[in-house]
Amino acid sequence: MQDIKEFNLKELESEFLSLGIKAYHARQIFTWIYKKGVFDFSRMSDLSSKLKKLLDDKFKILDLKLIQSRKSKDGTKKFLFELADKNLIEAVIIPAQGRVTGCVSTQGGCKFSCKFCASGLLGFKRNLTCSEILGEILYLKSDIYGRNLTHIVFMGIGEPLDNYDNVLEAIRIINSKDGFNIGARRITISTCGITPAIKRLAEENLQIELSVSLHAANDKLRSNLMPVNKKYPLKELIKACKEYSLKTNRQVTFEHILIKGVNSSLKNAQDLVKLLEGFKLSKINIIPANYIKELHIEPADKTAMILFKDYLVKYGVHVTLRKERGEDIGAACGQLRLQHEKE
Ligand code: SAH
């Protein structure tokens, strides 16, 4: 049975025509699913019973099974879902004043083996489909009674730019007026730095926010922490990011987690200043690393973090210090899945 979320509006209209269903029903279905968050044909009250039955026989809408959910003291809520083929993925709701962000996975597992990240520990399984990605968002949307999802970040399990086509297809529906209608500037792709895909993204004519997981500003350390750097070293990566910011006129964010004893010294901060010299449309987001016992990862001390930040500020780098959310519920990438698989 086909997932109806694989179709964009145009495709669904022609699919309907080929099934002898009037094309205008496609827009009705889009409204029910993406605007009203209804994922049961029988509840779509303006459709005839005959049509509801036909659609029910032909299509599924949401095929995610909730395995576990956890709510943090700060309101962050994390979900562990099982896909139809039993793969496990995670998604998170992060409420804040004036905004609600949904964080979604793009792959089952991850192949990039960053040394500080729990997502890769169980290996790579497969890419998520467009409908599975949209399914996560649909589920999150249905869980935030009275509020609406305002932002989407691709910061769950997996590397979004390694599943380029499906992620872009999903983004077009997230962004479209007939879909979730979330503006491109409110959609963030976070990448470990797949340079050719960043170049490709710059050509999409979409103002998507680009966030790059940098975590080290010299090739030796970065290749150590993030093996992807051996293939796409810093010089090329930064060049592609500059191109991206020029093409889209958007600021690129560089994520830098601070891991105790690894990448949080003033020498590391100095490398960062040098690397981003002259890159006007850029910002660094400093984040304390989450504890990952299995990987012996610990956050840097508060003092080290402040010194690191102050150094960057002193040299004119635009820097923010991100408050870690949902730490008490294992909200960092891949942590919940890892815990669940080990239980
Ligand atoms: N593959 C993409 C998307 C994952 S986003 C990427 O690399 O950007 C998840 C974010 O969480 C990334 O910035 C990642 O570096 C970060 N992360 C992973 N492990 C972490 C940890 N132990 N503590 C804090 N952040 C972590």
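What counts, and where the lines are drawn
Residues numbered from 1 in each chain as written. Predicted model: local features only at pLDDT ≥ 70, side-chain atom pairs only at ≥ 80, totals over all residues. Heavy atoms only, no water. UniProt positions renumbered as here; feature names shortened; annotations may be inferred. Helix = DSSP H or I, 4+ residues; strand = E, 2+ residues; numbered from the N terminus. Buried < 20%, exposed > 50% of the residue type's maximum accessible area, 1.4 Å probe, protein only. Near = heavy atom within 4 Å. Polar contact = N/O pair within 3.5 Å; in protein donor to acceptor, adjacent residues only side chain to side chain. Areas by Shrake-Rupley, 256 points an atom, 1.4 Å probe, with all protein chains shown as cover. Nonpolar A, V, L, I, M, F, W, Y, C, P; charged D, E, K, R; others polar.

The protein carries the name Probable dual-specificity RNA methyltransferase RlmN in an unreviewed UniProt entry, which gives Candidatus Sherwoodlollariibacterium unditelluris as its organism. According to the UniProt record, the Subcellular location (unreviewed entry) comment for the protein reads "Cytoplasm". Here the protein is described in UniProt, under the heading Sequence similarities (unreviewed entry), as follows: "Belongs to the radical SAM superfamily. RlmN family."

## Looking at the UniProt feature "binding site: [4Fe-4S] cluster" (unreviewed entry) in the protein
Here, the residues flagged by UniProt with the feature "binding site: [4Fe-4S] cluster" (unreviewed entry) are C110, C114 and C117. Relative to the assigned elements, C110 resides in the loop between β7 (107-109) and β8 (124-127). Judged by relative accessible area, which is 13%, C110 ranks as buried. Locating C117 in the fold gives a position in the loop between β7 and β8.

## Some words on the site of the ligand
The environment of the ligand is formed by 18 residues, the closest being F116, S190, S213, H215 and N290. Within the contact set of the ligand, an oxygen atom lies 3.5 Å away from a backbone nitrogen or oxygen of C192. At a separation of 2.6 Å, an oxygen atom of the ligand approaches a polar side-chain atom of H215. Compared with its free state, where it exposes 540 Å², the ligand has 91% of that area covered by protein. Classifying every residue of the shell around the ligand by side-chain character gives 10 nonpolar, seven polar and one charged.

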